[in-house]
Amino acid sequence: SQKIEQNSEALNIQEGKTATLTCNYTNYSPAYLQWYRQDPGRGPVFLLLIRENEKEKRKERLKVTFDTTLKQSLFHITASQPADSATYLCALPGGSGNTGKLIFGQGTTLQVKP
Amino acid sequence: NAGVTQTPKFRILKIGQSMTLQCTQDMNHNYMYWYRQDPGMGLKLIYYSVGAGITDKGEVPNGYNVSRSTTEDFPLRLELAAPSQTSVYFCASSYPGGNRNTEAFFGQGTRLTVV
């Protein structure tokens, strides 16, 4: 069955450094991959979508890569700030057809220290 | 636009009670979803709908029911609450297909405790 793995250990980094989060998947060839941010007590908020024919995508200080051979996506936040502290979820389309269903990883919590 | 609105935000139920979690969206999205999130876990799909009058099961549908009589509303019903249904429930909507962005818009969540 389809499986998504994110590093369940929290990532602690110093302000100004680059945070790198990993999302691995198995038994799957997704057409796209998404990243969401979730703050405590809130719903996930969409950040970026990268399609299978795209190697890299950027949005301001965010960069996502998608390696379909390694079955892995890396999510980078450059010049990190304490306000970037949150849980980051990766998500892949679930099932066949274009229904918008998503399968989520368990999320990685990022803590940026000033 | 309010986006996706869920009510209530918090609820405590006794075992065997029933309740309906409300969800409404004002973005005219055809596609709506219910997910549950347990501590330290990813979101799991309970039910989804691709349009008014059409619903289908997700990964964890047991113990839940849904209906979709309008584009805007997608309520989730728990008939006989069990402790295993203690979770945070998220409603979401999207407009997948073609060149449209397939991002999902989530509500703020309903934190449900069954005792």
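In the block above lies the structure referred to throughout.
Residues numbered from 1 in each chain as written. Chains lettered and ligands numbered in written order. Predicted model: local features only at pLDDT ≥ 70, side-chain atom pairs only at ≥ 80, totals over all residues. Heavy atoms only, no water.

1. Some words on the pattern of salt bridges
For the coordinates displayed, the defined rule picks out 8 salt bridges over all chains. Note that A:Asp39 and A:Arg37 form a salt bridge whose closest N and O atoms lie 3.0 Å from each other. A residue is classified by how much of its surface remains accessible, and A:Arg37, at 19% relative accessible area, is buried. B:Lys44 is the partner of B:Glu59 in a salt bridge, and the nearest nitrogen-oxygen pair spans 3.8 Å. (Salt bridge = Lys/Arg side-chain N within 4 Å of Asp/Glu carboxyl O. Buried < 20%, exposed > 50% of the residue type's maximum accessible area, 1.4 Å probe, protein only.)

2. Some words on the nonpolar core
A:Tyr25, A:Leu33, A:Trp35, A:Phe75, A:Ile77, A:Tyr88 and A:Leu110 are the most contacted members of the largest nonpolar core, which totals 23 residues. Secondary-structure elements contributing two or more residues to this core are strand 3 (19-26), strand 4 (32-38), strand 5 (45-51), strand 7 (62-67), strand 8 (72-77), strand 9 (86-93) and strand 11 (108-113) of chain A. (Core = buried A, V, L, I, M, F, W, Y, C linked by side-chain atoms within 4.5 Å. Helix = DSSP H or I, 4+ residues; strand = E, 2+ residues; numbered from the N terminus.)

3. Describing the packing of aromatic side chains
This model, assessed by the stated rule, comprises 13 aromatic pairs over all chains. Judged by centre distance (6.3 Å) and plane angle (85°), the rings of A:Tyr25 and A:Tyr28 are edge-to-face. Aromatic side chains B:Phe90 and B:Phe106 sit 6.4 Å apart centroid to centroid with 85° between the ring planes, which places their arrangement in the edge-to-face category. Placement of B:Phe90 in strand 9 (residues 87-94) and of B:Phe106 in strand 10 (residues 105-106) is noted, with a sequence separation of 16 residues between them. We classify B:Phe90 as buried; its relative accessible area is 2%. Taken together, A:Tyr36, A:Phe46, A:Phe104, B:Tyr33, B:Tyr35, B:Phe90 and B:Phe106 form an aromatic cluster joined through their ring pairs. In this structure, B:Arg68 is placed above the aromatic ring of B:Phe74, and the distance from its NZ or CZ to the ring centre is 5.9 Å. (Phe/Tyr/Trp six-rings, centres within 6.5 Å; stacked < 30°, edge-to-face > 60°. Lys NZ or Arg CZ within 6 Å of the ring centre and 35° of its normal.)

4. Looking at the side chain of A:Lys101
Take A:Lys101: it is sitting in the loop between strand 9 and strand 10 (102-104). When neighbours within four sequence positions are excluded, A:Lys101 is seen to be in contact with A:Leu92, A:Pro93, A:Gly94, B:Tyr33, B:Tyr35, B:Leu45 and B:Tyr48. (Contact = heavy atoms within 4.5 Å.)

5. Focus: unusual backbone geometry
Put simply, B:Thr7 and B:Pro8 share a cis peptide bond, and its omega is -5°. Tracing the backbone through its elements, the reader meets B:Pro8 in the loop between strand 1 (4-7) and strand 2 (10-13). Even without glycine at this site, A:Glu60 takes up a positive phi of about 55°. Looking at the element boundaries, A:Glu60 is found in the loop between strand 6 (56-59) and strand 7. A relative accessible area of 79% places A:Glu60 in the exposed class. Positive phi outside glycine occurs at A:Lys71, with the angle close to 55°. Within the secondary structure layout, A:Lys71 lies in the loop between strand 7 and strand 8.

Any functional reading would require information that these geometric values do not contain.
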